[in-house]
Amino acid sequence: MFTLIGNIVRCLFRKPVTRLYPVEVKPAVAGCRGQLHIRIEECIFCGACQRRCPANAITVGKQPKSWTLDPYRCIVCGYCVEVCPKKCLVMRPEHFKP
Amino acid sequence: MQTTATSAFPTRNTVIPFGPQHPVLPEPLQLRLVLEDERVVEALPAIGYCHRGLEKIAEKKDFIQNVYLVERICGICSFMHSLTYCQGIEELMKVDVPSRAKHLRVVWAELHRMHSHLLFLGLVSDAFGFENLFMQLWRVREHILEIMEKTAGARIMLSVCSIGGVRRDLDDGQMAEVLRVLDRVEHELEEILPTLMNDYSVRQRLCGVGLLSPDKAHDLGAVGPTARASGIPMDHRQTGYAAYGDLGGVTPVTETAGDCYARIMIRVRELHQSAEFVRKAIQKIPAGPIAVPVKGNPDGEVLVRMEQPRGELIFYIKGNGTRNLERFRARTPTFANLPALLHMLPGCQLADVPVIILSIDPCISCTER
Amino acid sequence: MLTNVQEITPDRLVGEVALIKGQGCRFVTVTCTDLGEAHDLIYHFDDQGELRHLRLKLPHGATLPSLSGVWFAAVIIENEIQDLFGITVTGMAIDYKGRFLLAESSPKAPFNKLGGIAVDVRVRPPAATEAAAPGGAH
C-alpha cells in the first residue's frame, strides 16, 4: 500500500533531478553528434557531401566556390563526415542554440 | 464514414470521436467510439493524421541514405528500424557482418528496448492517473538515454547501424559504464516497479480490462507483447538474428491473463530480460573489426522480420540492381495490433478506453509511416 | 530471398486463403508493388514461425477481392492499399472509400510509379530547389 513512501521521503531531501535550463546548461557529451562544422580552407568543393546527404541539407557550389548547410534540414547523421575525402567536415558535440 | 457508423445503430447510441487530440494520446490516432450510455459498442479507427509517404521517399533515395531515413520511421525505437533494414540489405548482398558488430547491435537494440518499455510504462501510468509513477519511470529512463548519447552520439536517433556493421565501437571504459548504468537502473527500478505491480489502485484499473483471448489474438494477427500477454510464445529474437543466437537463445516472456495488467507485466519482465542481454553481449563480445566494406548494389527481394519493443517488425525490400530500391515496405507492430485493439474495446467502459489503447503501446507514426 | 512463394489468380485468392487459415496460420500482411503495367501483391502468412507467401498479379483497373471475410485483420492493410495504389478492393468489412490515409485534396494513388510525384530535388534545375521541394525527407 505505502510502497512509495521511502522514495517520497528521499525525494523531499535531495536536490532536483532536472536542470533549470536556460540558467544551467547540460555540458556537451564528448563524441555526441551536435552540429556540423566545416574547415572551409581545407575543402576542395568536390560535392561528395552534397550527393550523399540523406536530407539534401548541403549545397556545394563550384563556380563561385561555396559550401552552405541548411541547419534546419540537417539530421546530424554524420554520413557526410564519413565520406569527406579531405576530412574537413567535423561533428561538434554542442547542439546549436534554438 | 460517420453516417454509415451511426445509421447502423438505434438513435440511443452516441458516437464520440476519441482523438486525434486527447490528453492520453501522444500521437494522433482517432477512434470513433459508438457508445451505449457509458459502454463502448463499437470502435472504428481513423488514421492518416501523420502519413509521411516514407516508403515512397525510400525509393527516391539511394540504399545507403535509406538507413538514416528508415531510422526516422519511429521516434522511439529508431535503432530497431535501421537494424532491420541493414539486415535486409545484408541478406540481399550476402554481406557477412563481423561478430563484434553483431554483439554491439544487440547492446544498442536492447538498450533501446529498455528505454521504449520505460517510456511505455510511464505513459500508461499517466493514462491511469498515477503521475508520480510516470515521473519516476521517466527519470530512470533518462539514465539509458544518457548512456546512449555517450556511446552512440545521440539520445534516440543513434544512426550507428550501417550496412555491413556498425559505425562506432565501444571501448572497455564505455562498456563498464553501460554495465554501471544498467545496475543503477535496475536498482532504481526495484523501488518503483513493486508499486506498479502490486498497488491496489493500479490493479483495480488494469486487471480484467481489455481482455484478449489467445485464439482471438492469433486470429487478429496480434504480435509482440500484446500476443505474449495472451499466452502466445512469439518472439522473433528466437530466430537468432544479430548475436541472439550466440547469447544462449531467447525464452519469450509470456503471461496468460490477456488483460491490460498482463500486457504491462510483460514489459516489466522484459526490462530485466533486456538488461540481462546487454550484460551477456558485453561479456561475450569478441575482438575484431566492427564493419566490412560493402560493394555493389542490392538486387532481388527479401522479407526481414525482427522483434521490436512493440512486436514483430517486417520490412520488404526489393532491389533492382541500381542504387535505388524498387520498393521498400514496412509493416510495423502497431499496424498488426490495431485489429486486436478494435476487438478489445467493445464492451468496456468509456473510462477504460485510454488505458486499453495505451496498453498495446500504439506508435502511430510507425503505423502510418 | 523470398522462398515458399505460390502464384495465384484473383478468383482463387479467397478460397486459398481460407484453406491457409484452416491450417492454423497467422495473417501477417500484404505487400503491393507497382510494376508499371500491373500490381504485384504478395500475401504473407506465418505458419508456426515459417513464412509463406501468395503472389498475385493484378492488371491495372482490375478489382481485388477482400480477405476481410476470412481474416478481419486484413481490412486495415486492404484499405491502405486501396488508398495508396488506387486498387478497388471489393467486399471489405469496413470500407473507407479511399479516405483511410488520404484526404480529399491528397494526390490520387501516390505510391504508383508515375512521373512527377516526389521528384528528387537534386535532379531539378537550381532555381526550382529554392522553393519548398517535396523530396526532402522531413
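Residues numbered from 1 in each chain as written. Chains lettered and ligands numbered in written order. Predicted model: local features only at pLDDT ≥ 70, side-chain atom pairs only at ≥ 80, totals over all residues. Heavy atoms only, no water.

Draft legend 1. Local environment of the interface of chain C and chain B. Taken together, the contacts link 47 residues of chain C with 46 residues of chain B. For the pairing of chain C and chain B, the buried interface totals around 3800 Å² over both sides, and the portion due to carbon and sulfur atoms is 58%. On the chain C side of the contact with chain B, Met1, Arg26 and Phe111 of chain C bury the most area, a combined 19% of that side's loss. For the interface between chain C and chain B, the tally reads six salt bridges. Where aspartate 46 of chain C meets arginine 305 of chain B, a salt bridge forms, and the shortest distance between an N and an O atom there is 2.5 Å. Inspection of the chain C/chain B interface yields 14 residue pairs in polar contact (both at pLDDT 80 or more). Among the secondary structure elements, those contributing two or more residues to the side of chain C that touches chain B are strand E2 (26-34), strand E3 (38-47), strand E4 (50-59) and helix H2 (74-85) of chain C. The dominant element in the side of chain C that touches chain B, judged by the number of residues it contributes, is E2 of chain C, at eight residues. (Contact = heavy atoms within 4.5 Å. Buried area = accessible area lost by both parts, 1.4 Å probe. Salt bridge = Lys/Arg side-chain N within 4 Å of Asp/Glu carboxyl O. Polar contact = N/O pair within 3.5 Å; in protein donor to acceptor, adjacent residues only side chain to side chain. Helix = DSSP H or I, 4+ residues; strand = E, 2+ residues; numbered from the N terminus.)

Draft legend 2. Layout of helix H11 (residues 260-284) of chain B. Counted at 1.5 Å a residue, the expected span for H11 of chain B with its 25 residues is 36 Å, and the 36 Å between its end C-alpha atoms agrees. Of all 25 residues that make up H11 of chain B, 19 are buried, and the element is covered over most of its length. (Expected span 1.5 Å × (residues − 1). Buried < 20%, exposed > 50% of the residue type's maximum accessible area, 1.4 Å probe, protein only.)

Draft legend 3. Local environment of the packing of helix H7 (residues 172-198) of chain B against H11 of chain B. Residues and elements named next belong to chain B. Contact pair H7 / H11: the axes reach a minimum separation of 10 Å and the direction vectors enclose 160°. When the axis of H7 is compared with that of H11, the two are roughly antiparallel. The element H7 and its partner H11 pack so that their crossing is left-handed. Taken together, the residues of H11 that come into contact with H7 (itself represented by Met175, Val178, Leu179, Leu182, Asp183, Glu186, Leu189, Leu193, Leu196 and Met197) are Tyr261, Ile264, Met265, Val268, Leu271, His272, Ala275, Val278, Arg279 and Ile282. Class assignment of the residues belonging to the contact of H7 with H11 gives a composition of 16 nonpolar, one polar and three charged. (Axes fitted to C-alpha atoms, helices over the stretch in contact; angles between N-to-C directions. Parallel < 35°, antiparallel > 145°, perpendicular 65-115°, else oblique. Left-handed = near helix turned anticlockwise from the far one by under 90°. Nonpolar A, V, L, I, M, F, W, Y, C, P; charged D, E, K, R; others polar.)

Draft legend 4. Looking closely at the side chain of arginine 279 of chain B. Topologically, arginine 279 of chain B is positioned in helix H11. If sequence neighbours within four positions are ignored, arginine 279 of chain B has contacts with Leu179, Leu182, Asp183 and Glu186 of chain B.

Draft legend 5. A look at the confidence of the model for chain B. Of the residues in chain B, 97% have a pLDDT of 70 or more, and the chain-wide mean is 86. Note that pLDDT drops below 50 for residues 1-6 of chain B; the model gives that stretch seven contacts with residues more than four away or on any other chain. (pLDDT = per-residue confidence, 0-100.)

Draft legend 6. Molecular detail of the sheet that holds strand E1 (residues 5-8) of chain C. Residues and elements named next belong to chain C. The sheet built from four strands is open, its strands ordered E1-E4-E3-E2 with mixed pairing. Two strands bound the open sheet, and with one partner strand each, they are E1 and E2. Along the sheet, successive strands turn relative to each other by an average axial angle of 20°, direction set aside. Sheet topology note: the E1/E4 ladder contains four bridges and is parallel. Within E4, the residue paired with glutamate 7 across the bridge is arginine 55. Helix H1 (residues 10-22) contacts E1, E3 and E4 of the sheet and is inclined by roughly 165° relative to E4. The strands that H2 touches are E2 and E3; relative to E2, the one it contacts most, it runs at about 5°. (Pairing = 2+ DSSP bridges.)

Draft legend 7. Region of interest: the environment of proline 85 of chain A. Positionally, proline 85 of chain A belongs in the loop between helix H3 (79-83) and strand E4 (89-92). If near-sequence neighbours (up to four positions away) are discounted, proline 85 of chain A is found in contact with Ile44, Cys46 and Ala48 of chain A.

Draft legend 8. The arrangement of the pairing of strand E7 (residues 311-320) of chain B in detail. All names here are of chain B. Counting buried positions along E7 yields nine of 10 residues, so the element is predominantly enclosed. With 10 bridges connecting them, strand E6 (residues 299-308) and E7 associate as antiparallel partners. Counted as the bridge partner of glycine 300 is glycine 319 from E7. Here E6 hands over to E7 after two residues, the two strands then running antiparallel side by side. As defined by bridge partners, E7 adjoins strand E8 (residues 325-331) across six bridges and the pair is classed as antiparallel.

Draft legend 9. Spatial organisation of unusual backbone geometry. Here the residue pair glutamine 63 of chain A and proline 64 of chain A is connected by a cis peptide bond, since its omega of -10° sits within 30 degrees of zero. Located in the positive-phi region is asparagine 56 of chain A, a residue other than glycine, with phi close to 50°. Tracing the backbone through its elements, the reader meets asparagine 56 of chain A in the loop between helix H2 (48-52) and strand E2 (58-61). A relative accessible area of 11% means that asparagine 56 of chain A is categorised as buried. Despite not being glycine, aspartate 37 of chain B has its phi angle at roughly 55°, a positive value. Here aspartate 37 of chain B lies in the loop between strand E2 (30-36) and strand E3 (39-46).

Draft legend 10. Structural view of the sheet that holds strand E1 (residues 14-18) of chain B. All names here are of chain B. Pairing is antiparallel in the open sheet, where three strands are placed in the order E1-E2-E3. Each edge of the open sheet is held by one strand with a lone partner, namely E1 and E3. Looking at each pair of strands side by side, their axes are set apart by 25° on average, direction ignored. Relative to E3, E2 runs antiparallel, the two being bridged by seven bridges. Following the sheet pairing, valine 34 is matched in E3 by glutamate 42.

Draft legend 11. Representation of the nonpolar core. Residues Tyr85, Trp108, Phe315 and Phe328 of chain B together with Leu41 and Tyr43 of chain C are the most contacted members of the largest nonpolar core, which totals 166 residues. The element best represented in this core is helix H5 (residues 99-127) of chain B, accounting for 15 residues. Not counting residues within four places of it along the chain, the set of residues in contact with phenylalanine 315 of chain B comprises Val70, Ile73, His81, Thr84, Tyr85, Val302, Leu303, Val304, Phe328, Arg329 and Ala330 of chain B. Residues Leu36, Cys49, Cys84 and Cys88 of chain A belong to the second largest nonpolar core, which totals 11 residues. (Core = buried A, V, L, I, M, F, W, Y, C linked by side-chain atoms within 4.5 Å.)

Draft legend 12. Quick look at helix H12 (residues 333-344) of chain B. All names here are of chain B. Over its 12 residues, H12 extends 17 Å from the first C-alpha to the last, a length consistent with the 16 Å expected when each residue adds 1.5 Å. The buried fraction of H12 is high, at 11 of 12 residues. Among all positions of H12, only Pro333, Thr334, Phe335, Ala336, Asn337, Leu338, Pro339, Ala340, Leu341, Leu342 and Met344 are buried.

Draft legend 13. Spatial organisation of the pattern of salt bridges. Evaluated as defined, the whole model comprises 43 salt bridges over all chains. Between arginine 329 of chain B and glutamate 80 of chain C there is a salt bridge, with the nearest N and O atoms lying 3.9 Å from each other. Placement of arginine 329 of chain B in strand E8 and of glutamate 80 of chain C in helix H2 is noted, with the two residues assigned to different chains. Here the salt bridges share partners, and the residues they tie into one network are Glu110, Arg113, Arg228, Asp235, Arg237, Glu270 and Glu307 of chain B.

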